[in-house]
Amino acid sequence: MSEIVAAYMPEFIITVFIIFNLVASLFFNTYLYKLSKWFTLLGIVLAIASTFYLQIEPEAFAFHNTFLTNIYTVFFKILILMAGFFLTLLSRNMIREKRDRAFEYFSVFLSGILFAMCAVSAVDFIGLFVSLEALGLSCYLLLSLNKNPNAKQLTFGYLVQSAVVSSLFLFGLSVIYGMCAEFGFDKISLYLVNAAAVSSQPQILLTFSLILIMCTMFFKLGLVPFSSWLPDTFEGASYPIGAYMSSIPVLACFAVLSRILMTFLHYTYTIKIVLALIAVITIFLGSLSLIRQENLKRIMAYSMSVQSGIILLGLCVFSVYSLSSVLFYLFCYLFANTGAWAAIILLYNSAKLENLDELKGVIYHRPYYVIAFTVILIALAGLAPTCGFVAKMYIFSAVARSGFIFLPFLITALLASVILIYGYWRIIRAMFRRIETDIVIDTSVISSKFILYACAAATVIICLFADKLIRFCQLVAYYM
Amino acid sequence: MNFLSLIWLILAPVIAALIIMFPYFPNHQVKVRRFAKWFASFHFIYALLFLAFFDPGMFGMSYEKELTFFGISWLKSLGISAKFAIDGIALLMVVLTTFIVLITLFMSKMHIRSKHKLYYSMIFLLESALLGIFCAKDMFLFFVFWELSLIPVYFLVSQWGNTEARRAAIKFTIASFTANMFLFFGMLILYYYNFAVSNVLTANIESLNMDEKIYPLWFQITVFVNFLIGFIIRIPAVPCHNWYPDIQSKAAAPVNIMLAGILLNTGVYGLIRFNMQVFPEIFKLFAPVLMAWGIVNIIYAGCLSIVQNGIKKMVSYAQIASAGFIMIGLASLNSTGFNGAVFMAAACAIVYSALFVVISSVQFRTKTTYITSLGGIGQVMPKCMYLALIICFSAIGIPFLIMFTPKLMVLSGAMLSNLDQQLTVKIAAFIGLCSIIISAGYIMYFFYKVFCSVLLDQWKKIKDLSPQEVSILSALCLIIIYFGVYPMSIIQIYQSVSSIILDVLQV
């Protein structure tokens, strides 16, 4: 029991609130549907509060050393819970339309958060597999909530492809188990150290199987060989689910990916180049696809893919410095991405606007909305007075620091980011069009508006006070 | 002199922009404009105080100040801080910036008919970004302001320009961002190579100086070329000049004044601050290239200027040609040439923004900028014609007007330059001297076509300059004459700085 209190408390609280929501769905589904939101918010706030009481020094383990809690996992858990908090507020209109499903919606929503947190903490391949699968299933359930018949078909592709990469994961896992007869991270890395002393052959097989395992993460992050599902699935998804898909699995997968890379693959040089290549191709292709999109959800899908590519480029150089830059980037990405989704959700809720050319002349009706959205898009594009610039500078400086071999990748990524800037610029340009329209953006929805303005303010404030956060990220990366 | 803080100088326009954008600020054009004008006037006076208390004999930076957020300096853990300081060259540019903004605001009344709040706040944001470029003491801070200056320019050009302005603005923005990425790449690898060599994580421009440390030559050349690409687009030099006439011909008239006045000087300033100060050895290596490049600029842009059919494009190409003189002056690597180049940058800003003031008055009355539909306007606008004549003479380089001294200094600097390729340099200087004839050609052609040829019927009823325009133009003409007669009053501001820069270059 004591180890659960020390290491498992936030997950436990979230589990309790999942059961709360499920039980409540039996009794008051239509009348008191608003209660579900407050339940969920309460659960998330309690979980965030409980993370401050976790034992992080020394590291705490639970469930026979398969579940780790240290400052690194706590950092990611706080990020995931913060994303969950924002997304709960963004779900307002969604649960309004589906009053009878509100409690079920939030129980699935919370279980996705729960399994994302478990995946962050997992130091065992079985635990990792179960968590990632359950996270994927939660995402699929959330995706299929959309009533649109087209959406079912679009999201089905996600399920099938997800099953394929899961089988790749299992195959890689079986190879690893065949070699080491272990599932724990620490024991496999011990095996690696011993094997490296004898010969180099098993390492190649192990690297191969680890790459197969990483394919699951690549799939969820929308990196290049597995990015085809992104636009269709996002287009089929409801808006809050799109926001959910682009934040919570991303945070969890980067936590897992960096753990796998740092634990097992830090000695191989080839893998760095392969990852950098994947990152650069993702940035390039994603940006090129982004500038051709008209649907806002598809734009956000490609945006997520490109941002993942940028983060992967920072991750592939394997150092404490680069890991801290990745953590900082994820922190900034959380605010910018959520803010952008909040802005799009506001648009959709008020006038069912989905496409870029319908945004014309919004500046005439809602200048402050446009300014906040512009600030957020500038942050996503990585331009000056926002945290996006600091994050981009930090992550690219980590790449520049790691040796001349990465410089061609760096300059390619920088040039591709100009295309990305143009992609976001199109949205701003559309809003500033000089055409009179009769769109009235209903900004009476306080929760979405609050998130939009809060995220816009946060991107600027983080830029000014970046120093503390960078120091904290360096500390977290050091203790990983 | 504690009241002279560079941070307030840079932040004040941002605050003004925020006040204007504030929801309760009256959305009435007269009130917004009056506030903007008063603010810009006080800001100009504040900048003049910096000049008044500046010690020209001092070597190095003065008015140093660091921006901290509740005691924490910005990105200290990465060795990046928000430090501001100015030397003579930067101070000259700062005063010029505030002055041009004032002129722009006075000329905005007639041309800006919509979205006043956005317009004036964008002007102030642009001013702040440009001041930041000149005052930043840190490489990445410089880059922040450098990128920040693009966003207001995009809005200023696209929102108040003609129907094609949007396209030109996006073209400019994309081209600039691409160039900025090269600049950023150069900065990143310089930052980390410096860390690897000296083991100090810093982005301070002064401590990045490469002369004492051992860097491989290919590395220095790589970084130098990346910086050069970033800055040469802003100057603009010939193969990358296309954006400038493009946005100038499509932007609104007051925006033209602003762009011609200061935007181009940021490129010159970056070239001096980074390429000359950080890589002195490589600059010496590249000096003949830059000199030849300058000559190409003068001749090519000069010839293009004559064949344009819009007056805005003509003047823009004329300015690109003048930028060639700046490049020659910098590349000649002696104090005469260098001082001439910096003077030339300031003179170009004043003269060409004055020419755009004239164009703005003409465009307001005739609603056209095509050279075929203008002509003989001097008969109905005599005041405008005589004031424009002084400005045009100055642009050619007639003695006792502002452009004469710098041109003379640049060309004599190039003649006296002891670069390795003596013959090339002498030929370059001689061609530069001859190219003054071209400059006389295009400027006088412009003047003749607009003011002197046959008066068309539709222009017979247009009115002469209003008292406000007369006062602005005559103030500009007085400045042109004053600094033409007393050129030392500008040169002495930055003389000590230029001697430091040239000492490092060891020529």
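Check the entry above for the structure.
Anyway, here's the lowdown on the structure attached to this text. As the structure is a prediction and not an experimental result, all values here were calculated from the model.

**Here's the deal with the side chain of Asn339(B)**
(1) Moving on: Here Asn339(B) lies in helix H13 (residues 335-366).
(2) Moving on: Since its relative accessible area comes to 6%, Asn339(B) is described here as buried.

**Observations regarding the packing of aromatic side chains**
When we look at a pair of aromatic rings, we describe it by the centre distance and by the angle of the planes.
(1) Moving on: Scanning the entire structure with this criterion turns up 80 aromatic pairs over all chains.
(2) Moving on: Centroid distance Phe3(B) to Phe53(B): 5.9 Å. Interplanar angle 85°. Geometry classified as edge-to-face. Of the two residues, Phe3(B) sits in the segment before helix H1 (6-21) while Phe53(B) sits in the loop between helix H2 (29-52) and strand E1 (62-66), which places them 50 residues apart along the sequence.
(3) Moving on: Chaining the aromatic ring pairs together yields one cluster made of Tyr321(A), Phe328(A), Phe389(A), Tyr394(A), Phe140(B), Phe143(B), Phe184(B), Tyr191(B), Tyr192(B) and Phe195(B).
(4) Moving on: Sitting over the ring of Trp38(A), Lys37(A) keeps its end group 5.4 Å from the ring centre.

**Observations concerning the packing of helix H3 (residues 88-111) of chain B against helix H4 (residues 116-135) of chain B**
All names here are of chain B.
(1) Moving on: At a minimum axis separation of 9 Å, H3 and H4 run at an interaxial angle of 170°. Considering the angle they form, H3 stands roughly antiparallel to H4. Facing H3, whose interface residues are Ala90, Met93, Val94, Thr97, Thr98, Val101, Thr104, Leu105 and Ser108, H4 presents Tyr119, Tyr120, Ile123, Phe124, Glu127, Leu130, Leu131, Phe134 and Cys135.
(2) Moving on: The residue inventory of the contact of H3 with H4, partitioned by class, reads 13 nonpolar, four polar and one charged.

**Digging into the packing of H13(B) against helix H18 (residues 488-505) of chain B**
Residue and element names in this part refer to chain B.
(1) Moving on: Remark: H13 packs on H18, axes separated minimally by 10 Å, with the N-to-C direction vectors making an angle of 130°. One element, H13, and the other, H18, form an angle in the oblique class. In the crossing of H13 with H18, the sense of the turn from one axis to the other is right-handed. Contact with H13, carried on its side by Ser335, Phe338, Asn339, Val342 and Phe343, involves Ile490, Ile491, Tyr494, Gln495, Ser498, Ile501 and Leu502 of H18 and no other residues of that element.

**Notes on the pattern of salt bridges**
Residues and elements named next belong to chain B.
(1) Moving on: Counting across every chain of the model gives 12 salt bridges over all chains.
(2) Moving on: Between Lys137 and Glu64 there is a salt bridge, and its shortest N-O distance comes to 3.1 Å. With Lys137 in the loop between H4 and helix H5 (139-148) and Glu64 in strand E1, the pair connects residues that are 73 residues apart, well separated along the chain.
(3) Moving on: In this structure Glu64 comes out as partly exposed when scored by relative accessible area, which is 45%.
(4) Moving on: A salt bridge links Lys250 to Asp246; the nearest nitrogen and oxygen atoms lie 2.8 Å apart. Of the two residues, Lys250 and Asp246 are both situated in helix H9 (residues 243-250); the distance of four residues between them amounts to about one turn of the helix.
(5) Moving on: Look at Lys250 and you get buried, because its relative accessible area is 15%.

**What about the environment of Pro239(B)?**
All names here are of chain B.
(1) Moving on: Within the secondary structure, Pro239 sits in the loop between helix H8 (217-232) and H9.
(2) Moving on: What makes Pro239 exposed here is its relative accessible area of 62%.
(3) Moving on: Between the C-alpha atoms of Pro239 and Phe224, which are 15 residues apart in sequence, the distance is 18 Å.

Definitions and cut-offs
- Residues numbered from 1 in each chain as written.
- Chains lettered and ligands numbered in written order.
- Predicted model: local features only at pLDDT ≥ 70, side-chain atom pairs only at ≥ 80, totals over all residues.
- Heavy atoms only, no water.
- Helix = DSSP H or I, 4+ residues; strand = E, 2+ residues; numbered from the N terminus.
- Buried < 20%, exposed > 50% of the residue type's maximum accessible area, 1.4 Å probe, protein only.
- Phe/Tyr/Trp six-rings, centres within 6.5 Å; stacked < 30°, edge-to-face > 60°.
- Lys NZ or Arg CZ within 6 Å of the ring centre and 35° of its normal.
- Axes fitted to C-alpha atoms, helices over the stretch in contact; angles between N-to-C directions.
- Parallel < 35°, antiparallel > 145°, perpendicular 65-115°, else oblique.
- Contact = heavy atoms within 4.5 Å.
- Nonpolar A, V, L, I, M, F, W, Y, C, P; charged D, E, K, R; others polar.
- Left-handed = near helix turned anticlockwise from the far one by under 90°.
- Salt bridge = Lys/Arg side-chain N within 4 Å of Asp/Glu carboxyl O.

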